[in-house]
Structures are given as C-alpha cells and as structure tokens.
Amino acid sequence: MRPTIRDVAKLAGVSVGTVSAAINNGAVAEETRQHVLRCVAELGFEPNSAARNLTKGRASAIGFVVPDLGNPFFAAVAEGVQRGAAERDVLLVLCITEAQVEREEYYARVLRTKRLDGMIYLSGSGLPSPSLLEMARRGAMVFVDESLPGVDAPFIRAENRSGARAIAQEVLAAGHRRLAIIGGPPRLWTSEQRLAGYREAIAAAGLNPDAVPVVPGDYSEASGYGAATQLLAGAKNKRPTAILCANDLMAVGVIRRCRELGLQIPEDISLTGFDDIPSAELLDPALSTVAQPARAMGEAAARLLIHAIGGTTEPPETTEFATAVRLRHSIAAPKSGASSRRGGVAG
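Everything quoted here is computed from the prediction, not taken from an experiment.

## Some words on empty space enclosed by the protein
Then comes step 1: In the structure shown here, the tally under the stated rule is two cavities of 30 Å³ or more.
Then comes step 2: Of the pockets and cavities examined, the largest cavity occupies roughly 50 Å³.
Then comes step 3: As for the largest cavity, its lining consists of Asn71, Phe73, Phe74, Asp145, Thr190, Arg194, Tyr219, Asn247, Asp275 and Gln292.
Then comes step 4: When grouped by side-chain class, the residues that make up the lining of the largest cavity number three nonpolar, four polar and three charged.

## Some points on the packing of helix α2 (residues 16–23) against helix α3 (residues 30–43)
Then comes step 1: Axis separation between α2 and α3 bottoms out at 9 Å; the angle between their running directions is 95°. On the basis of the axis angle, α2 is roughly perpendicular to α3. Across the interface between the two elements, Thr18, Val19, Ala21, Ala22 and Ile23 from α2 touch Thr32, Arg33, Val36 and Val40 from α3.
Then comes step 2: Residues that form the contact of α2 with α3 fall into these classes: six nonpolar, two polar and one charged.

## A short note on helix α12 (residues 294–308)
Then comes step 1: If you check α12, its first and last C-alpha atoms are 21 Å apart, about what 15 residues at 1.5 Å a residue would give, namely 21 Å.
Then comes step 2: Of the residues making up α12, those classed as buried are Ala294, Met297, Gly298, Glu299, Ala300, Ala301, Ala302, Leu304, Leu305, Ile306, His307 and Ala308.

## Remarks on the packing of aromatic side chains
Geometrically, a pair of aromatic rings is defined through the distance of the ring centres and the angle of the planes.
Then comes step 1: On inspection of all chains with the given rule, the structure shows four aromatic pairs.
Then comes step 2: We note arginine 194 situated over the ring of phenylalanine 274; from NZ or CZ to the ring centre the distance is 4.0 Å.

## Brief notes about the sheet that holds strand β8 (residues 242–245)
Then comes step 1: Reading across from one edge, β7-β6-β8-β9 is the order of the four strands in this open sheet, with parallel pairing throughout. Strands at the two margins of the open sheet, each flanked by one partner only, are β7 (214–216) and β9 (270–272). Pairs of neighbouring strands in the sheet enclose a mean axial angle of 15°, with direction left out of account.

## Structural notes on the state of the cysteines
Then comes step 1: Under the criterion given, the structure shown has zero disulfides.
Then comes step 2: As a non-bridged cysteine, cysteine 245 has cysteine 258 as the owner of its nearest cysteine sulfur, 9.2 Å distant.
Then comes step 3: Taking the relative accessible area as the measure of exposure, cysteine 245 reaches 0% and is therefore buried.
Then comes step 4: Note on cysteine 258: relative accessible area 0%, which makes it buried.

## Considerations on the environment of alanine 296
Then comes step 1: Inspection of the secondary structure puts alanine 296 in helix α12.
Then comes step 2: Spatially, the C-alpha atom of alanine 296 lies 21 Å from that of alanine 246, the residues being 50 residues apart in sequence.

## Brief notes about unusual backbone geometry
Then comes step 1: Along the chain, isoleucine 265 connects to proline 266 via a cis peptide bond; the corresponding omega equals 10°.
Then comes step 2: Within the fold, proline 266 resides in the loop between α11 (248–261) and β9.
Then comes step 3: Going from aspartate 284 to proline 285, the amide bond is cis rather than trans, its omega being 5°.
Then comes step 4: In this structure, aspartate 89 is a non-glycine residue whose phi angle is positive, near 60°.
Then comes step 5: Its place among the elements puts aspartate 89 in the loop between α5 (72–87) and β2 (90–96).
Then comes step 6: Taking relative accessible area as the criterion, aspartate 89 reaches 45% and is therefore assigned partly exposed.
Then comes step 7: Phi at aspartate 275 takes a positive value of approximately 120°, unusual for a residue other than glycine.
Then comes step 8: Tracing the backbone through its elements, the reader meets aspartate 275 in the loop between β9 and β10 (289–291).
Then comes step 9: Aspartate 275 gets classed as buried once you look at its relative accessible area, which sits at 6%.

## Quick word on the side chain of glutamine 292
Then comes step 1: Within the secondary structure, glutamine 292 sits in the loop between β10 and α12.
Then comes step 2: A relative accessible area of 7% places glutamine 292 in the buried class.
Then comes step 3: Of note is the side chain of glutamine 292, whose polar atom sits 2.7 Å from the side chain of aspartate 275.
Then comes step 4: Not counting residues up to four positions away in its chain, the partners in contact with glutamine 292 are Phe73, Asp145, Ala158, Asn160, Arg194, Phe274, Asp275, Met297 and Thr323.

## A short note on the layout of surface pockets
A probe as big as a water molecule, rolled over the atoms, marks out the empty space that is left.
Then comes step 1: Of the voids in this model, the largest pocket is the one considered here, and its volume is about 250 Å³.
Then comes step 2: The wall of the largest pocket is formed by 17 residues, among which Pro67, Asp68, Ala99, Asp218 and Tyr219 lie closest to the centre.
Then comes step 3: A breakdown of the residues in the lining of the largest pocket according to their chemical character gives eight nonpolar, four polar and five charged.

The rules behind the values
Residues numbered from 1 in each chain as written. Predicted model: local features only at pLDDT ≥ 70, side-chain atom pairs only at ≥ 80, totals over all residues. Heavy atoms only, no water. 1 Å grid on protein atoms, 1.4 Å probe; cavity = no way out; pocket = protein on both sides within 12 Å on 5 of 7 lines; lining within 4 Å. Points joined across faces, edges and corners; volume = space filled by probe spheres on them. Nonpolar A, V, L, I, M, F, W, Y, C, P; charged D, E, K, R; others polar. Axes fitted to C-alpha atoms, helices over the stretch in contact; angles between N-to-C directions. Helix = DSSP H or I, 4+ residues; strand = E, 2+ residues; numbered from the N terminus. Parallel < 35°, antiparallel > 145°, perpendicular 65-115°, else oblique. Contact = heavy atoms within 4.5 Å. Expected span 1.5 Å × (residues − 1). Buried < 20%, exposed > 50% of the residue type's maximum accessible area, 1.4 Å probe, protein only. Phe/Tyr/Trp six-rings, centres within 6.5 Å; stacked < 30°, edge-to-face > 60°. Lys NZ or Arg CZ within 6 Å of the ring centre and 35° of its normal. Pairing = 2+ DSSP bridges. Disulfide = S-S within 2.5 Å. Polar contact = N/O pair within 3.5 Å; in protein donor to acceptor, adjacent residues only side chain to side chain.

Rendered as structure tokens:
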C-alpha cells in the first residue's frame, strides 16, 4: 500500500485535517505547512483527486471491472460496491468483460488513463495485465472474490476452501463414495480454493482424491449442463451418485440435464452448489449449497479502496468473510448398492 494521509499526519505529529489543509492551501500556519510538505516528500505521499474532491464536496469516481451481471453472485457484489461507493458520494463506473482477457486489459487501461481514482477488480480470466500491475503499483486497486498471481493488491474474499470442504463432508456423511466434481475456470483463485476444499474432505474420508473425476466449467449454467452430459454418459453402475458443483449456476445446468435423462435429484444423484444465489432455495429440489455474503464483500471492497486512496479514514472491519453451508433437499443417501468404499471413482 502506498503512504496514506494518516501516515503523513503521524510523521508530522499533526491531525489528518491539518495535513489536508496544508496540501490544499487551507488555513494553516506557513511553518506548519512547510513541515507537513517535508513529511509528504519524505514518505513519497501523492495527494490524489479522490481525497481532494471529497474534501471539497465534489464526487470522485472509481471503476468496477466484473465478468458479467447475468451471474446473480456477481450482480450482488456489484450492488455492494455501489452501496459502499454511495456512502462517500463516489461515482461508480461499471465495466463488463465477459471474462475475456482482452477486455480486462482494455478496461484496466481505460480506467487508468482516464484517471479515475481507483479500481475494484473481479477477474474472470485469472490473468494479470500491464495496466493492472500499474494500478496496483499506485495503490489504487482492490481485488474482490478473485486475486491474481504476481499482483500485489488488497483482497476481499470469502472462506472458499473451508466452505467447499464442509459441504463435501455433508455429502460423504450421507454415504456417497462415487463422487464427481464440476470445477470452476482454470487459473481462478476461487476454482483452486473450492477444488482444494473438496479434495481435503475426500482424503479425510479415506478415499483417493486423485480418483475423483473433475470436469472444468466456466461458472455458467451451460457449462454445468455440458459437464453433466459428460459425467452421466457412462453405464449406470459407473456414474457418480453425487456431483459437487463449484457454483450454483452450474448446478442448475446439472438439474436440467438430469431431468432430460429421467434422473431424480436427490434419489438418483445428490447435488451441491456454491454461492447461495437467490434462486437456489427456489429450485426443485431446493439446492444444498455454500453461502457467501456477496453484497457485504462488494461493500467492503469499496470501503477499502476509498480508504486506500485517501477518501476515508476508516477501512472495513474485515477482508475475509465466513461461508456457511445451507443444507436443503438435494442431498440424500445413495441407493442401496450404489455406494462403494473401494475407490471414489465415477465414470
């Protein structure tokens, strides 16, 4: 993190208000002003338009880069970001990338060159870009939900790994041994964390996690449908009795494919998701999933960014949010003879 106005105030031995007045040519003694400016130079503090605009009662602007808003979880994060920005009269510029690397770089470059005060970033590709690295170097970027390797920026996240482990334990406790996983997009932090949590639970149950098939998806309903088509194509005695999905939308795709095949959930296939989107409890059957507080995460990201760029003195109370298992009606014991304690292989 770059030096903040509070760091300058501490070094100078004055209040934050005095630092602001000295920087913005306010009412302060000239000797004090020069002392503050020396401390500014010593720390390398760069006053930015966010702090100045907020001090003068004018709106600043930040950007939010997100893969799409068709995913209810992303939409809820966006609502939280808007709420956090509105608290400080900060305008929000929304950029939708459709998880394309080229669009992510384009919007990061545009937001940087248009000199917005900062950017909140939710990656859909898992790949960094030169403009992102520059925003991070300036201390004007916050990650939410996803982080990127090699980019040093604050990160608002949920406990994905423990949440995935906990719901996998519920499936295993129901007696399932022929499991399959529909994972998230390769390279994404959430995909890696959820897969790791599933594998930890499987190993703790005495099964070989490497023997459990993993079909990657892209967090869309269509990819869940395609993965289910692949996993359920084999003989009845080889297909999984339970499928762990890395998000709820992919689980919806599995439900649709199961209905086409005449398979009942949970009588024939137990199913889990992740995110607890609003429709999860309205599905038939209601989906067992892992809840994470999307709106609270978005709001915390906005507060953390505005704090980092000098627009507020108080950061959010937490940067890591707990997850919680929501057990509903999509998990049941496997049919007699369907459980096997010899492997964990499906397909």
